[in-house]
Amino acid sequence: MTTAEVQPAMSLRELAEQSNAWPFEEARKIVARLTRAPKKGSEHEVIFETGYGPSGLPHIGTFGEVARTTMVRHAFRVLTDDKIKTRLIAFSDDMDGLRKVPDNVPNREMMASHLGRPLSRVPDPFSNEHPSFGAANNARLRAFLDRFGFDYEFLSSTECYTSGRFDAALLRVLERFDAVMNIMLPSLREERAQTYSPFLPISPTTGIVLQVPILAHDAKAGTITYEDPDSKERVTTLVTGGRCKLQWKPDWAMRWLALGVDYEMAGKDLIDSVKLSGEICRALGGAPPEGFNYELFLDEKGQKISKSKGNGLTIDEWLRYASQESLSLFMYREPKAAKRLYFDVIPRHVDEYQQFLEAYPRQDVKQQLANPVWHIHSGAPPKADMPITFSMLLTLVSSSNAENAETLWGFIRRYRPGVTPQAHPKLAALVGYAIHYFHDFVLPTKTFREPSAAERAALNDLRDALAQLPADASAEQIQDVVYEIGRREPFLDEKKKAKDGKPGVSLDWFNMLYQVLLGQEKGPRFGSFVAVYGLANTVDMIDGALARSA
């Protein structure tokens, strides 16, 4: 009996403690935090937070931040045997002043008349359904998060300020006013530093969030004094009860303190802001949360994606062509590396999600904890049940120019008898995704390469060989024929050897088949494609390609 056999099996928690999966690495930072400074009494819960600026609609970055934070939260629950209560706060900074009118809203003139006022006090430009622009976008955020089944608690900045929830923390900022200023002033341009104040009073007459110098502050009275920009009179106001808000870096620090936030991630563009807010949080007597700075998404040209530019990919666009799970896989992978977020990354993530799902039951627990689907599905991935790949569906659509799902289902039923849309709803969704993707991205750029003389000869031989196969030939039998025909110059690869010892075939042979026959660069395994598409259809396709290039 080996040593491994006599040792007891490691628990899920013990394996998680050793896992290199990034959500576990992040969760271990929170465990270490609690070891250094345990929470006591009513504070004995771990708070995760994600922030949202409701001046715009929820976007794909919003999904990414909440999805990733949810993965870390679940990893933490496993590391602590779920004995510590956790909450995920989705925080909306709707107390922020409206700086400019968004381009994508109606009633822009009306909104322009409310510039400078908190988003929660700007009328809803869309309808009379919500009391404010901020409330309208908050509702969209909650609907957005609910759509994906996230477990969260929504908090409004306006509600926290006006209800008094932030009052104690705001008074702490006032007490440490000079310390906060000493942290912030070196980070500002000289002109900005001349008028900077962490407190932004809200004008009792205009309702505008004022960016004015603070002439005096009184920690005992809980007040600040400033000069009204219109009347030029000195005004003294309490900093509590929603009469003031904080500049956003002090605001972030104050929020961490007030809510007891233990974990929050942010984009790489906020590294300096996280650092400054962390210093302010410590100056207030708190401990800034754990977290990391994730990399930003890039468009097809390698430029940073910007909401104002509208480059890149929206979440609705992704979900037109692929499932939520494939998007979650994109978000799971390498969060600290810059990644292109464009349409051409979708097919790979759809199929690789399925590959991870199919591999999961064959893996031991240690391997499962490193499998992205474990984190995407909070430790309970569904059973894999996808009888055909997305790349195969795309190739079928491309080869048949399918205008509707029924055409594709005709191929699928022949390849997988008994597979129906009713029995396989996820495959039915995948068929729809494939048709959308083909018509929007493949068809407009589809071009067929002319074959060389040697390639024409090889295609002729392939056509004749396929025509001689029985109609029910398997994908493996077809692939063997494809390999055999490809064993010729210029496709011969003497460095590779097949299982039977015969010379190998280079990828150029298979790439040529897709470029000449289908007008695309690559595709699924050719033998499998022919088995689904049909031998007779494939022979007709080769004849068409040869006639087209004659």
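Since we're looking at a predicted model, the values are computed, not measured. (Residues numbered from 1 in each chain as written. Predicted model: local features only at pLDDT ≥ 70, side-chain atom pairs only at ≥ 80, totals over all residues. Heavy atoms only, no water.)

Engineer: Honestly, helix 8 (residues 167-175) in this entry has me stumped. Any pointers?
Structural biologist: Each turn of an α-helix holds 3.6 residues, which means side chains three or four residues apart point in the same direction. Turning to helix 8, its buried residues are Ala169, Leu170, Val173 and Leu174. Seen end-on, helix 8 carries its buried residues on one side only, within an arc spanning 150°. (Buried < 20%, exposed > 50% of the residue type's maximum accessible area, 1.4 Å probe, protein only. Helix = DSSP H or I, 4+ residues; strand = E, 2+ residues; numbered from the N terminus. Arc of directions from axis to C-beta.)

Engineer: What exactly am I supposed to notice about the nonpolar core here?
Structural biologist: A general feature of soluble globular proteins is that nonpolar side chains tend to end up buried together. By size, the foremost hydrophobic cluster in this structure holds 113 residues, and its most contacted members are Trp318, Leu462, Trp509, Leu513, Phe526 and Phe529. Sorting elements by how many residues they give to this core places helix 4 (residues 60-79) first, with ten residues. In this view, leucine 462 contacts Val481, Val482, Ile485, Trp509, Leu513, Phe526 and Ile542; residues no more than four positions away in its chain are not counted. In this structure, Tyr196, Ile224, Leu259 and Val261 belong to the second largest nonpolar core, which totals 43 residues. (Core = buried A, V, L, I, M, F, W, Y, C linked by side-chain atoms within 4.5 Å. Contact = heavy atoms within 4.5 Å.)

Engineer: Is there a simple way to explain the sheet that holds strand 9 (residues 261-263) in this structure?
Structural biologist: Backbone hydrogen bonds are what pair the strands of a sheet, in a parallel or an antiparallel way. A sheet is described by the order of its strands in space; here four strands give the open sequence 3-2-1-9, paired in parallel fashion. Two strands close off the open sheet at either side, each with one partner strand: strand 3 (153-156) and strand 9. Going from strand to strand, the sheet's axes swing by 45° on average, the running direction of each strand aside. Both strand 2 (residues 85-92) and strand 3 contribute to a ladder of four bridges, which runs parallel. When the sheet's bridge partners are listed, phenylalanine 91 is paired in strand 3 with leucine 155. Packing against the sheet, helix 3 (residues 22-36) makes contact with strand 1 (45-52) and strand 9, and its axis sits at approximately 140° to strand 9. Where helix 4 meets the sheet, it contacts strand 1, strand 2 and strand 9, and its direction lies at approximately 175° from that of strand 1. (Pairing = 2+ DSSP bridges. Axes fitted to C-alpha atoms, helices over the stretch in contact; angles between N-to-C directions.)

Engineer: Any chance you could explain the environment of isoleucine 412 here in plain terms?
Structural biologist: In this fold, isoleucine 412 is placed in helix 19 (residues 405-415). Sequence separation between isoleucine 412 and isoleucine 388 is 24 residues; the distance between their C-alpha atoms is 8.0 Å. Discounting chain neighbours no more than four positions away, the residues touching isoleucine 412 are Ile388, Leu393, Val419, Leu427 and Val431.

Engineer: Looking at this structure, how should I read the packing of aromatic side chains?
Structural biologist: Think of a pair of aromatic rings as described by two things: how far the centres are apart, and how the planes are tilted against each other in angle. For the structure shown, the criterion picks out 30 aromatic pairs. For the ring pair tyrosine 161 and phenylalanine 166, a centre distance of 5.3 Å and an interplane angle of 85° mean the geometry is edge-to-face. Between the aromatic rings of phenylalanine 529 and tyrosine 533, the centroid separation amounts to 5.2 Å while the plane-to-plane angle is 15°, which identifies the pairing as stacked. Linking phenylalanine 529 with tyrosine 533, this pair stays in helix 24 (residues 526-533), spanning four residues, or about one helical turn. You can call phenylalanine 529 buried: its relative accessible area is 0%. (Phe/Tyr/Trp six-rings, centres within 6.5 Å; stacked < 30°, edge-to-face > 60°.)

Engineer: Which parts of the structure should I look at to understand the pattern of salt bridges?
Structural biologist: Pairs can form between side chains of opposite charge once their charged atoms are near each other. Tallied over the entire structure, the rule returns 30 salt bridges. For aspartate 262, the salt bridge identified is with arginine 33, shortest N-O distance 3.0 Å. Here arginine 33 lies in helix 3 and aspartate 262 lies in strand 9, a separation of 229 residues in the sequence. Side by side, aspartate 262 and arginine 33 carry an identical accessibility label, which is buried. One salt bridge connects arginine 463 with aspartate 543, and the closest N-O pair in it is separated by 2.7 Å. (Salt bridge = Lys/Arg side-chain N within 4 Å of Asp/Glu carboxyl O.)

Engineer: Please explain the sheet that holds strand 5 (residues 214-218) as it appears in this structure.
Structural biologist: Read across the sheet, three strands follow the order 5-6-7 without closing on themselves; strand pairing throughout is antiparallel. Bordering the open sheet on either side are strand 5 and strand 7 (234-238), each of which pairs with just one other strand. Mean inter-strand twist for the sheet, computed between neighbouring axes without regard to direction, equals 20°. Pairing geometry for strand 6 (residues 223-227) and strand 7, over five bridges, is antiparallel. Paired with threonine 225 across the strands is threonine 236, a residue of strand 7.

Engineer: How should I be thinking about the environment of alanine 136 in this particular structure?
Structural biologist: By secondary structure assignment, the location of alanine 136 is in helix 6 (residues 133-147). For the pair alanine 136 and leucine 119, spaced 17 residues apart in sequence, the C-alpha to C-alpha distance is 9.8 Å. With near-sequence residues (within four places) excluded, alanine 136 lies in contact with Asp124, Phe126 and His130.

Engineer: Can you walk me through the pairing of strand 2 in this structure?
Structural biologist: For a regular strand, the rule is simple: side chains alternate between the two faces of the sheet. Buried residues dominate strand 2, accounting for seven of its eight residues. Pairing analysis gives eight bridges linking strand 1 to strand 2, with the strands arranged parallel. Note that in strand 2 the partner of glutamate 45 across the bridge is lysine 85. Between the parallel pair strand 1 and strand 2, the chain is carried across by helix 4, and the sense of this crossover is right-handed. (Right-handed = clockwise from strand over helix to strand, strands pointing away.)

Engineer: Before we go on, may I ask you to explain unusual backbone geometry in this structure?
Structural biologist: Leaving glycine out, the prevailing phi sign among residues is negative, and the prevailing peptide bond configuration is trans. For the peptide bond that leads from glutamate 489 to proline 490, omega is 5°, which places it in the cis range. Its identity as a non-glycine residue notwithstanding, aspartate 81 has a phi of 55°, on the positive side. As for its placement among the helices and strands, aspartate 81 is situated in the loop between helix 4 and strand 2. One non-glycine residue, asparagine 107, adopts positive backbone phi at about 50°.

Engineer: Would you explain helix 24 in this entry?
Structural biologist: In terms of burial, helix 24 is a largely internal element, eight of the eight residues being buried. Buried within helix 24 we find Phe526, Gly527, Ser528, Phe529, Val530, Ala531, Val532 and Tyr533. Against helix 18 (390-400), helix 19, helix 21 (453-467), helix 22 (475-486), helix 23 (507-517) and helix 25 (535-548) lie the buried residues of helix 24. Of the residues trailing helix 24, glycine 534 is marked for its positive phi of about 105°.

Engineer: So what exactly am I meant to see when it comes to the packing of helix 21 against helix 25 here?
Structural biologist: Two numbers describe a pair of packed helices, the interaxial angle and the distance between the axes. At a minimum axis distance of 9 Å, the contact between helix 21 and helix 25 shows a crossing angle of 155°. For the element pair helix 21 / helix 25, the angle class is roughly antiparallel. Once helix 21 is placed against helix 25, the crossing between them reads as left-handed. Contact residues: helix 21 offers Arg456, Leu459, Asn460, Leu462, Arg463, Leu466 and Ala467, while helix 25 offers Leu535, Thr538, Val539, Ile542, Asp543 and Leu546. (Parallel < 35°, antiparallel > 145°, perpendicular 65-115°, else oblique. Left-handed = near helix turned anticlockwise from the far one by under 90°.)

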